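Fold and geometry: a report
The residues making up each chain are set out below.
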Amino acid sequence: GDQGLLKKYYVCNTLAFNTNSVLNRRKFDNKDSFITDATLQKLLDFRKNRTQKDNQNSLLIGNGGIGKTLMLQHLFMESASLYAPGGKVPVIVQLRDLVLKDEDLVPCITSAFKHFEPSFQNTDVEQLLSEGRAQLLLDGLDEIDESDIKQFQIQLRNTLDRYPNNQMILVSRECEAIDGIKRWFSPFYLLKFEWSQTELLIDNLLNEVENADEIKPLVVDFINNGFIDKDSVFATNPMLITFIVNNYEKFDLFKED
């Protein structure tokens, strides 16, 4: 599909610290359990204020299409915009590049850095990790073969043991693959969109579309009064909202069937 700048379209999910927060999302009984407009620093500050764990690791859990990968890209872009020489260095690590014979994740992290600097070597990554200057954003846990999960967990544990002073963010759907690593991370849940977020995403997607002021009412009416229902997953899931907006020209076909 067409590509564009993330900041032009992206609407950030609210993060909830635990499952009780998810269940009470609309009550907002404890606003301290939620993070809006998430950044790596906010995740770090939240951990310092709310948890007793002595590491900087966060696990972001969400259903399909809720925006896990986009959240990582958002966190990366926000941190990269603040980079200064000698400061924290963010990098998105694709776990599909995992090599099972490795003892830790250093070669996989090196592969991620090579996209920006081909001369980067394992020794450069090891120095960065030893200095505690890395912000590691791990994506693709769901793509690791089930038979390889145990080896990944060993590599992850070795990395955390050898380089404990770096911030690590791992995204995943709720699955057995994360059961063995939850104890090393603070869990956060990506929440489905409130209507204000849905409307903002619609506005962003239609921002450069001709006759957007005529199209938006059609989209809103289709969600509120069509067969989808405004409280359904279609109206609260970013990927499915995007699908709806991109197919506004076909609304009449849906009405007929």
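Residues numbered from 1 in each chain as written. Predicted model: local features only at pLDDT ≥ 70, side-chain atom pairs only at ≥ 80, totals over all residues. Heavy atoms only, no water.

Leu138, Leu141, Phe152, Leu156 and Ile181 are the most contacted members of the largest nonpolar core, which totals 36 residues. When contributions to this core are tallied by element, the ones reaching two or more residues are β3 (58–61), β4 (89–94), α5 (106–113), α6 (122–130), β5 (134–139), α7 (149–162) and β6 (167–172). Per element, the largest residue contribution to this core is 5 residues, and it comes from α5. Sequence-distant contacts of Leu156, that is, excluding residues within four places in its chain, are made with Leu105, Leu138, Met168, Ile181, Trp184 and Phe185. Judged by nonpolar contacts, the second largest core, of 20 residues, contains Met71, Leu137, Phe188 and Leu190. (Core = buried A, V, L, I, M, F, W, Y, C linked by side-chain atoms within 4.5 Å. Buried < 20%, exposed > 50% of the residue type's maximum accessible area, 1.4 Å probe, protein only. Helix = DSSP H or I, 4+ residues; strand = E, 2+ residues; numbered from the N terminus. Contact = heavy atoms within 4.5 Å.)

Looking at the secondary structure, you find Val11 in the loop between α1 (6–9) and β1 (15–16). In sequence terms Val11 and Gln197 are 186 residues apart; their C-alpha atoms lie 6.7 Å from each other. Apart from residues lying up to four places away in sequence, Val11 is in contact with Phe193, Gln197, Leu200, Leu201 and Asn204.

The 7 strands are arranged β2-β1-β7-β3-β6-β5-β4 in an open sheet whose pairing can be described as mixed. The open sheet is flanked by β2 (34–35) and β4, the only strands paired with a single partner. When β1 meets strand β7 (residues 186–190), the two strands line up antiparallel, connected through 2 bridges. Across the sheet, Leu15 pairs through a bridge with Leu190, a residue of β7. (Pairing = 2+ DSSP bridges.)

On to α5, then. Most of α5 is tucked away, with 6 of its 8 residues classed as buried. Residues of α5 that are buried include every one of Val106, Cys108, Ile109, Thr110, Ala112 and Phe113, and no others.

Under the criterion given, the structure shown has 5 aromatic pairs. One aromatic cluster in this structure is built from Phe17, Phe46 and Phe188. (Phe/Tyr/Trp six-rings, centres within 6.5 Å; stacked < 30°, edge-to-face > 60°.)

Below, the discussion takes up unusual backbone geometry. A positive phi angle, close to 50 degrees, is found at Asp37, a residue other than glycine. Mapping Asp37 onto the fold places it in the loop between β2 and α3 (40–50).

Turning our eyes to something else, we now look at the pattern of salt bridges. Evaluated as defined, the whole model comprises 11 salt bridges. With its nearest N and O atoms 3.9 Å apart, the salt bridge here joins Arg96 to Glu143. Here Arg96 is found in the loop between β4 and α5, whereas its partner Glu143 is found in the loop between β5 and α7, with 47 residues between them in sequence. For Arg96, a relative accessible area of 53% gives the class exposed. Members of the salt-bridge network, linked through shared partners, are Glu103, Asp104 and Arg162. (Salt bridge = Lys/Arg side-chain N within 4 Å of Asp/Glu carboxyl O.)

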